[in-house]
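The primary structure of each chain is shown beneath.
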Amino acid sequence: MTNKEKYKQAFSAMHISDDFSLEVNKMATTSKKMKLNKLAAWVAACVLMVGSATAAYAADVGGIQRTIQLWIHGDQTKAIIEFDGNGSYSMAYTDSEGNIRHQGGGGVSFAPDGTEIPATEEELMEQLTAPDVRYEDNGTVCVYWFDQKLDITDKFENNVCYVKLVNGNDILYMTVKYQNGYATSPNKYLHPSMFN
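Residues numbered from 1 in each chain as written. Predicted model: local features only at pLDDT ≥ 70, side-chain atom pairs only at ≥ 80, totals over all residues. Heavy atoms only, no water.

On to the sheet that holds strand β1 (residues 65–72). With antiparallel pairing, the four strands of this open sheet are ordered in space as β1-β2-β3-β4. Every interior strand has two partners, whereas the edge strands, β1 and β4 (100–106), have only one. Shown here is a sheet whose adjacent strand axes are inclined to one another by a mean of 30 degrees, direction ignored. Relative to strand β3 (residues 88–94), strand β2 (residues 75–83) is paired through five bridges, and the arrangement is antiparallel. Looking across to β3, one finds that Phe 83 is bridged to Tyr 89. (Pairing = 2+ DSSP bridges. Helix = DSSP H or I, 4+ residues; strand = E, 2+ residues; numbered from the N terminus. Axes fitted to C-alpha atoms, helices over the stretch in contact; angles between N-to-C directions.)

A word on unusual backbone geometry. Negative phi is the rule for most residues except glycine; trans is the rule for most peptide bonds. Notably, Phe 146 is not glycine yet its phi reads approximately 50 degrees, a positive angle. Located in the positive-phi region is Asn 158, a residue other than glycine, with phi close to 55 degrees. Here Asn 158 is to be found in the loop between β9 (148–151) and β10 (160–167). You can call Asn 158 exposed: its relative accessible area is 78%. (Buried < 20%, exposed > 50% of the residue type's maximum accessible area, 1.4 Å probe, protein only.)

According to the stated counting rule, one finds five aromatic pairs in the structure shown. Centroid distance Tyr 135 to Tyr 178: 5.5 Å. Interplanar angle 90 degrees. Geometry classified as edge-to-face. One end of the pair, Tyr 135, is in strand β7 (residues 132–135); the other, Tyr 178, is in the loop between β11 (170–177) and β12 (182–185), and 43 residues separate them in sequence. The exposure class of Tyr 135 is partly exposed, given its relative accessible area of 30%. By relative accessible area, which is 33% here, Tyr 178 ends up partly exposed. Residues Trp 145 and Phe 146 carry aromatic rings whose centres are separated by 5.0 Å and whose planes lie at 55 degrees to one another, so their mutual orientation is tilted. The exposure class assigned to Trp 145 is buried, which follows from its relative accessible area of 5%. An aromatic cluster is built from Tyr 135, Phe 156 and Tyr 178, whose rings are joined through pairwise contacts. It is Lys 177 that lies over the ring of Phe 195; its NZ or CZ is 4.6 Å from the centre. (Phe/Tyr/Trp six-rings, centres within 6.5 Å; stacked < 30°, edge-to-face > 60°. Lys NZ or Arg CZ within 6 Å of the ring centre and 35° of its normal.)

Quick look at the environment of Leu 165 now. Looking at the element boundaries, Leu 165 is found in strand β10. Note on Leu 165: relative accessible area 0%, which makes it buried. For Leu 165 and Tyr 144, which are 21 residues apart along the polypeptide, the C-alpha to C-alpha distance reads 9.8 Å. Aside from chain neighbours lying at most four places away, what touches Leu 165 is Pro 131, Val 143, Trp 145, Leu 150, Asp 170, Ile 171, Leu 172 and Met 174. (Contact = heavy atoms within 4.5 Å.)

What follows is the structure, given as structure tokens:
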């Protein structure tokens, strides 16, 4: 007789009780519940991690860097800009000589009740695309606006200069005080006493 036949003969007289069968079913059900509980815990942990990452991302929405094309000193320049969400920005770009330049700024506006409101990204972009007056080392004064460079050195009378800027359909009337700021308006030249 072979070993296989001996095992069959020895165990053929044994019968499994009904209680044992129920216990096996209970163990299988408990095992399935444990697997489902582990799966549910794993899914909850993933949701928590993704939710936390989303909250951290949302908290830093104002600090997202963007690459933009901007006119700087008459040259279209690629710049990396970051708005902090509190009315300020920081920017880095490479100038025409290959040097990395950093620039920052910001602003506020005032609510009707007098409280300060941080400048929005749109307001800051208006500031960045506004005309720029440069006083060169050689004594010349130039206005830069988009791709335009205007030498206004000889246009000052009593330290004030009036310049009409045109870019396509956009027109700006600019009043420049020599080394004392400037103001623009789409409608008319502003009187020097109205600013600074």
